[in-house]
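Understanding the architecture of this molecule
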Amino acid sequence: MQSGGIYINGVQVRDVEKQVTPDLFLDGKVMVIRFGKNHFKIIEGLTNEEIALEEELEQED
Amino acid sequence: MPLLLSPSGDKFGKTAGNAIFLDPNLTHPFDLYQYFLRTFDDHAAQYLNIFTLLPLERIEEIMREHVKAPEKRLAQRILAHEVITLVHRAEVTEKCIFQTAALYPAPSADSEGGNLLRSERILQAFADDEVMLKRYPFTEIHGMPISRLLKTVGLTKSNGKFLIHIFSVPLLMVSR
């Protein structure tokens, strides 16, 4: 069992079944998620255009 | 040697679920920094005494300054700085401070950060940190339950049971 509060962009999450929606991303791009006192992850959301551009750049390299 | 207790009164230990490790592969330096930054005021002096090599006179001086404006978290900032520098390196500490400033910008940060959006500052601070920064297509994570997202990014091992604390009250959440 995991223990600790869950925070998204500093706001406590009370329902862990809540679905991820675009409004949970800062500037529509980044989510800061904290679990417990000291476990952090930064999530960067990528659009289809960004993924296509990155693939293009990789192929050029 | 006194038994070390967490702010909730539990002993430090793996079974208590509040373990921190010196090994950066087990506890990321940023997480370790945040842990000490969030030390309760009541524990700050004790932790400065136990976990740092600062002279006792200096610790007393820090605590005298700290109580004048506890909201500035002087004792916690020095504690986190000293611990990370001892365990890792000064450069790692500087990076943690930079990353923390990106996550929690001071009111004056707008002028320091130019026209960068908050999300851009955060991405810049964590750009070379593959452990902390996870990148996913929106199509993959939109609609995903938060319990599963926690598992996907490696914050939990299962998306089954969580003991979450709301206003310090532990609540068992069982996800489907």
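Computed from a predicted structure; not experimentally measured.

Okay, the overall build of chain B next. A count of helices and strands for chain B gives nine helices and three strands. Helices and strands appear in chain B in the N-to-C order α-α-α-α-α-α-α-β-α-α-β-β. Split into buried and exposed, the 176 residues of chain B put 24% on the buried side. Restricting to contacts in chain B with at least 6 residues of sequence separation, those with at least 24 account for 41%.

Another point: the interface of chain B and chain A. Across the boundary between the two partners, chain B contributes 41 residues, which contact 35 residues of chain A. The dominant element in the side of chain B that touches chain A, judged by the number of residues it contributes, is strand S2 (residues 161-166) of chain B, at six residues. When the residues that make up the side of chain B that touches chain A are grouped by side-chain class, the tally is 26 nonpolar, nine polar and six charged.

To continue, consider the pairing of strand S5 (residues 39-46) of chain A. Counting buried residues along S5 of chain A, six of its eight residues qualify, which places the element largely inside the surrounding structure. Where strand S4 (residues 30-35) of chain A meets S5 of chain A, six bridges bridge the pair, whose relative direction is antiparallel. Residue pairing for S5 of chain A: Ile-33 of chain A is matched across the bridge by Lys-41 of chain A. Here S4 of chain A folds back onto S5 of chain A, and the loop between the two strands holds three residues, one of which, Gly-36 of chain A, carries a positive phi near 75°. Looking at chain direction, S5 of chain A and strand S1 (residues 133-137) of chain B are connected through five bridges and run parallel. Residue Ile-43 of chain A lies in a different strand from S1 of chain B, and its bridge partner there is Lys-134 of chain B.

As a further point, take the environment of Glu-65 of chain B. With respect to the helices and strands, the residue Glu-65 of chain B is situated in helix H3 (residues 56-68). For Glu-65 of chain B, a count of 13 C-beta atoms within 10 Å gives the class partly exposed.

For the rest of this paragraph, the subject is the sheet that holds S5 of chain A. A sheet is described by the order of its strands in space; here five strands give the open sequence S3(A)-S2(A)-S4(A)-S5(A)-S1(B), paired in mixed fashion. Each having just a single partner strand, strand S3 (11-12) of chain A together with S1 of chain B make up the two edges of the open sheet.

Next up on the list: the nonpolar core. As a rule of thumb, nonpolar side chains are buried together in soluble globular proteins. Counting residues in hydrophobic clusters, the biggest one holds 22 residues, and the most contacted among them are Val-30 and Met-31 of chain A together with Ile-122 of chain B. For this core, the elements supplying multiple residues, two or more each, are S4 and S5 of chain A together with helix H7 (118-125) and helix H9 (146-152) of chain B. Take this core: its biggest share by element is five residues, from S4 of chain A. Shared between two domains, this core takes at least three residues from each, and those domains are domain 1 (1-130) and domain 2 (134-176) of chain B. Residues contacting Ile-122 of chain B, with those up to four places away along its chain left out, are Val-30, Val-32 and Ile-42 of chain A together with Ala-102 and Leu-103 of chain B. Among the nonpolar cores identified, the runner-up in size contains 18 residues, and Phe-30, Leu-32, Tyr-33 and Leu-37 of chain B belong to it.

Rules used in this analysis
- Residues numbered from 1 in each chain as written.
- Chains lettered and ligands numbered in written order.
- Predicted model: local features only at pLDDT ≥ 70, side-chain atom pairs only at ≥ 80, totals over all residues.
- Helix = DSSP H or I, 4+ residues; strand = E, 2+ residues; numbered from the N terminus.
- Buried ≥ 20, exposed ≤ 12 C-beta atoms within 10 Å, placed from the backbone.
- Contact = placed C-beta atoms within 7 Å.
- Nonpolar A, V, L, I, M, F, W, Y, C, P; charged D, E, K, R; others polar.
- Pairing = 2+ DSSP bridges.
- Core = buried A, V, L, I, M, F, W, Y, C linked by C-beta atoms within 7 Å.
- Domains from an automatic or database assignment.

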